[in-house]
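Architecture and fold: a report
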Amino acid sequence: MTSYLIYFSIALGLFVFAALFTLFGVYAERKVSAFIQDRLGPTEVGKFGSLQTIADFLKMLQKELIIPAAADKWLFMAAPAIIFVAVYLGFAALPWGPGLAPSHLNLGLYYLLAIVSVETLGILMAGWGSNNKYSILGAMRSAAQIISYEIPAGFALISAVMIAQTLDLQVMSYQQGILSSEHSKFLGIWDVSANGGILSWNIFRAPHLIIAFVVYFIASLAESNRAPFDIPEAESELVAGFHTEFTGLRFAFVFLAEYSMMFLVSMVAVIVFLGAWNTPLPNIGPVHLANWTTGAIWGIAWVSIKTLLLVGVQMWIRWTLPRFRVDQLMNLCWKVLTPLAFACMIISGIWRIWMM
Amino acid sequence: MKSLNKKSVESGNIINGIKTAWKGLALTIRHLFAPNSKRQVQTVAADNYFKKLEEGTNTIQYPKQQLPVPEVGRYQLDVEIDDCIVCDLCAKICPVDCITIDSIKATELIGNTSDGSPKRLYAAKFDIDMAKCMYCGLCTIVCPTECIVMTNQYDKTVFELSDLTYEFSDMTPEEAAEKRALLEKQQAERAAAKLAAIQNKEGSV
Ligand code: SF4
Ligand code: SF4
């Protein structure tokens, strides 16, 4: 009985977290974009406009839920929920600190890739259900994009998995710090099992994973439909793409999914490549920085900081680079990222046999 | 050979892409951390006005901060109705017909404008539809008494479109009716006098 209560409270906690992060994310996005463009961003509601997104949310709550007359009613109504739930379920597998994970899945990464792809289904449902040509165009683009970019993203992750020899995200996290039960070598030569810190992060245990990380990060931008890969919503050419017809709370759910997805893919990058909840500070001689900054609370702090930094980079990219054309998008995916990810995977194999 | 060329073009593209993307990212991050102090609101006449635009943010928080504009700019129209001699010239010159004037002839001299022109007409109605006005300023140029001017008020947000019709006449409908009645009476008297004079003339012949 109590275990069910714990499950429910964890699920609720994750939902609240997703909602709060979205509120924060939208606010941050507006401020970042404003500063990049030498504007001020929201300033009126609350100190520095900090309550602006809450006001927006309250406004959205009051809006009418309109279903277009010719829409496919059930698909249309279910789509936002499916889009969000797909991302939300992904959160279940992510470890937040040593011994702190919503669920222990030994197929964590595999589960995550699988469940997150369900978002495409939701987007297709939204596009088809809306009975709007712009929406269906956006949905088709989204499907094409996500299916393409899952390949480099998958291979980049596999090259890390080959180094880690596990799909369990929590085990992968343990390996990248002082709590590791096996030896880890910095650049494959220097045994840093006792030093930990940034030296034992996956990208430094096997430096070719830096490339894999970059490939994954670019692909993850595409998977979360973020600029420069935001052609599914392309608000200038497609009005607003697959969510053109959504109003009020349904629209809010689509946004919730987008920002949760940003957090999710960044957190996966942090866990797989950037040392998960491990501290970046190594033990140096008698100064045991890593020992001092490892623990449950520290873990949550580190993983949040690293993830938020990556989210920040996503926003930075969005407000810098123009949107890709469909052909450029496919070019980049198939001619650049996929071969690079493949190369990383091959190097991983060699590295695992000869260097570790 | 050909395929080799193609390959080098391809990789050149990639390198170029990374380079230019990085250039853009470096540019935007500079702006992200640039001082984002509030903009100093100055007139165009200030020293180095355009140079200073590059410091701080570009946002003007409008109702709180306002751009100073020249005292007499091409903004909204204002009429000093006491100085108007209701000559209708402004209404006639207006290319978009947004001035409507209804005049009543006075029975006697009403008074003088501030520049001394005699006023002989009442303005029963003097409406300017600012929603139509295109700020050409022609009306201000033809006005003989210079009573119609453009002010430096540029904010004309209103809740109803009809609020954009500015009414400058200070006559109440009752007053207008009274003046009309007076004019009619005078005209009737004059007509009667004229008739009497003609009859007198015929009688004398
Ligand atoms: S400014 Fe031009 S358009 Fe406006 S009322 Fe005068 S004459 Fe008409
Ligand atoms: S031109 Fe001047 S004086 Fe004549 S009616 Fe117009 S505002 Fe009055």
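Fair warning: this is a prediction, and the values are worked out from it, not measured in the lab. (Residues numbered from 1 in each chain as written. Chains lettered and ligands numbered in written order. Predicted model: local features only at pLDDT ≥ 70, side-chain atom pairs only at ≥ 80, totals over all residues. Heavy atoms only, no water.)

**Quick notes on the packing of aromatic side chains**
Residue and element names in this part refer to chain A. Counted under the stated rule, the structure contains 29 aromatic pairs over all chains. Aromatic rings pair up to connect Phe17, Phe21, Phe24, Phe91, Trp96 and Phe263 into one cluster. Above the face of the Phe48 ring, Lys47 is positioned so that its terminal group lies 4.9 Å from the ring centre. (Phe/Tyr/Trp six-rings, centres within 6.5 Å; stacked < 30°, edge-to-face > 60°. Lys NZ or Arg CZ within 6 Å of the ring centre and 35° of its normal.)

**Focus: the interface of chain B and chain A**
On the side of chain A, 16 residues touch chain B, which itself brings 18 residues to the contact. Between chain B and chain A we count one salt bridge in total. Linking chain B with chain A are six residue pairs in polar contact (both at pLDDT 80 or more). (Contact = heavy atoms within 4.5 Å. Salt bridge = Lys/Arg side-chain N within 4 Å of Asp/Glu carboxyl O. Polar contact = N/O pair within 3.5 Å; in protein donor to acceptor, adjacent residues only side chain to side chain.)

**Here's the deal with the site of ligand 2**
In the vicinity of ligand 2 lie 14 residues, with Cys84(B), Cys87(B), Asp88(B), Cys90(B) and Cys143(B) positioned nearest. The residue makeup of the shell around ligand 2, split by class, is 12 nonpolar, one polar and one charged. (Near = heavy atom within 4 Å. Nonpolar A, V, L, I, M, F, W, Y, C, P; charged D, E, K, R; others polar.)

**Considering the environment of Ala126(A)**
Residue and element names in this part refer to chain A. Summarising the element assignment, Ala126 is placed in helix H4 (residues 108-130). Ala126 gets classed as buried once you look at its relative accessible area, which sits at 0%. In contact with Ala126, not counting residues within four places along its chain, are Ala79, Phe242 and Phe246. (Helix = DSSP H or I, 4+ residues; strand = E, 2+ residues; numbered from the N terminus. Buried < 20%, exposed > 50% of the residue type's maximum accessible area, 1.4 Å probe, protein only.)

**Focus on the side chain of Asn132(A)**
Residue and element names in this part refer to chain A. Mapped onto the elements of the fold, Asn132 is located in the loop between H4 and helix H5 (133-164). For Asn132, the side chain forms a polar contact with the main-chain nitrogen of Tyr134, separated by 2.7 Å. Polar side-chain contacts of Asn132 include one of 2.7 Å to the side chain of Glu245. Not counting chain neighbours up to four residues away, the residues in contact with Asn132 comprise Gly127, Thr244 and Glu245.

**Description of the pairing of strand E5 (residues 121-129) of chain B**
Residues and elements named next belong to chain B. Summarising burial for E5: seven of the nine residues are buried, a large majority. Judged from the seven bridges that link them, strand E2 (residues 99-105) and E5 form a sheet pairing that is antiparallel. Paired with Ile104 across the bridge in E5 is Tyr122. The sheet contact formed by E5 and strand E7 (residues 165-167) spans three bridges and is antiparallel. Bridge pairing in E7 places Asp127 opposite Glu167. (Pairing = 2+ DSSP bridges.)

**Here's the deal with the site of ligand 1**
Cys94(B), Cys133(B), Cys136(B), Gly137(B) and Cys139(B) are the nearest of the 13 residues found near ligand 1. Looking at the shell around ligand 1 residue by residue, the classes come out as 12 nonpolar, one polar and no charged.

**Describing the pattern of salt bridges**
Residue and element names in this part refer to chain A. In this structure the tally under the stated criterion is nine salt bridges over all chains. In this structure, the salt-bridge partner of Glu29 is Arg226, at a minimum N-O distance of 2.8 Å. One end of the pair, Glu29, is in helix H1 (residues 2-36); the other, Arg226, is in the loop between helix H8 (209-223) and helix H9 (248-272), and 197 residues separate them in sequence. Neither residue differs from the other here; Glu29 and Arg226 are each classed as buried. Salt bridges sharing partners connect three or more residues here, namely Glu29, Arg226, Glu258 and Arg318.

**A closer look at the UniProt feature "transmembrane region" (unreviewed entry) in chain A**
All names here are of chain A. Per the UniProt record, "transmembrane region" (unreviewed entry) is found at residues 6-27, 74-96, 108-128, 149-167, 198-219, 251-276, 296-317 and 329-354. For the annotated span residues 6-27, helix accounts for 100% and strand for 0% of the residues, and the straight-line distance between the end C-alpha atoms is 31 Å. When the span residues 251-276 is considered, its composition is 85% helix and 0% strand, and the gap between its end C-alpha atoms is 32 Å. (UniProt positions renumbered as here; feature names shortened; annotations may be inferred.)

**Brief notes about a nonpolar patch on the surface**
All names here are of chain A. Residues Val45, Leu51, Ile54, Phe57, Leu58, Leu61, Leu65 and Leu249 make up a contiguous nonpolar surface patch of roughly 630 Å² in combined accessible area. Here the nonpolar patch takes four residues from helix H2 (residues 52-62), the largest share from any one element. Inspection of the secondary structure assignment puts Ile54 in helix H2. Its relative accessible area of 38% is what places Ile54 among the partly exposed residues. (Patch = residues over 30% accessible without salt bridge, like charges linked within 9 Å, V, L, I, M, F, W, Y side chains within 5 Å. Areas by Shrake-Rupley, 256 points an atom, 1.4 Å probe, with all protein chains shown as cover.)

**Overview of the environment of Phe213(A)**
All names here are of chain A. Within the secondary structure, Phe213 is located in helix H8. By relative accessible area, Phe213 is classed as buried at 14%. Put simply, Phe213 and Cys344 are 131 residues apart on the chain and 9.9 Å apart in space, counted from C-alpha to C-alpha. Dropping the residues within four chain positions of it, Phe213 is found in contact with Ile203, Ala269, Phe273, Leu274 and Leu310.

**Topic: the side chain of Gln175(A)**
Turning to its location among the elements, Gln175(A) is positioned in helix H6 (residues 169-175). When residues no more than four places from it in sequence are discounted, the contact partners of Gln175(A) are Ala164(A), Thr166(A), Ser180(A), Glu182(A), Ser184(A), Ser200(A) and Arg205(A).

**Re the sheet that holds E2(B)**
Residues and elements named next belong to chain B. Across the sheet, three strands lie side by side as E2-E5-E7; this open sheet has antiparallel pairing. At either end of the open sheet lies a strand with only one pairing partner, and these are E2 and E7. Neighbour to neighbour, the strand axes of the sheet diverge by 15° on average, direction disregarded. (Axes fitted to C-alpha atoms, helices over the stretch in contact; angles between N-to-C directions.)

**Topic: the nonpolar core**
Of all hydrophobic cores here, the largest spans 87 residues; its most connected members are Leu94(A), Tyr149(A), Leu169(A), Tyr216(A), Val272(A) and Phe273(A). Among the elements that make up this core, the one with the highest residue count is H9(A) (15 residues). With residues up to four places along the chain from it excluded, the contact list for Tyr216(A) reads Ala153(A), Ala156(A), Leu157(A), Val265(A), Val268(A), Ala269(A) and Phe273(A). With 24 residues, the next largest nonpolar core counts Ile101(B), Ala123(B), Met130(B) and Phe168(B) among its residues. (Core = buried A, V, L, I, M, F, W, Y, C linked by side-chain atoms within 4.5 Å.)

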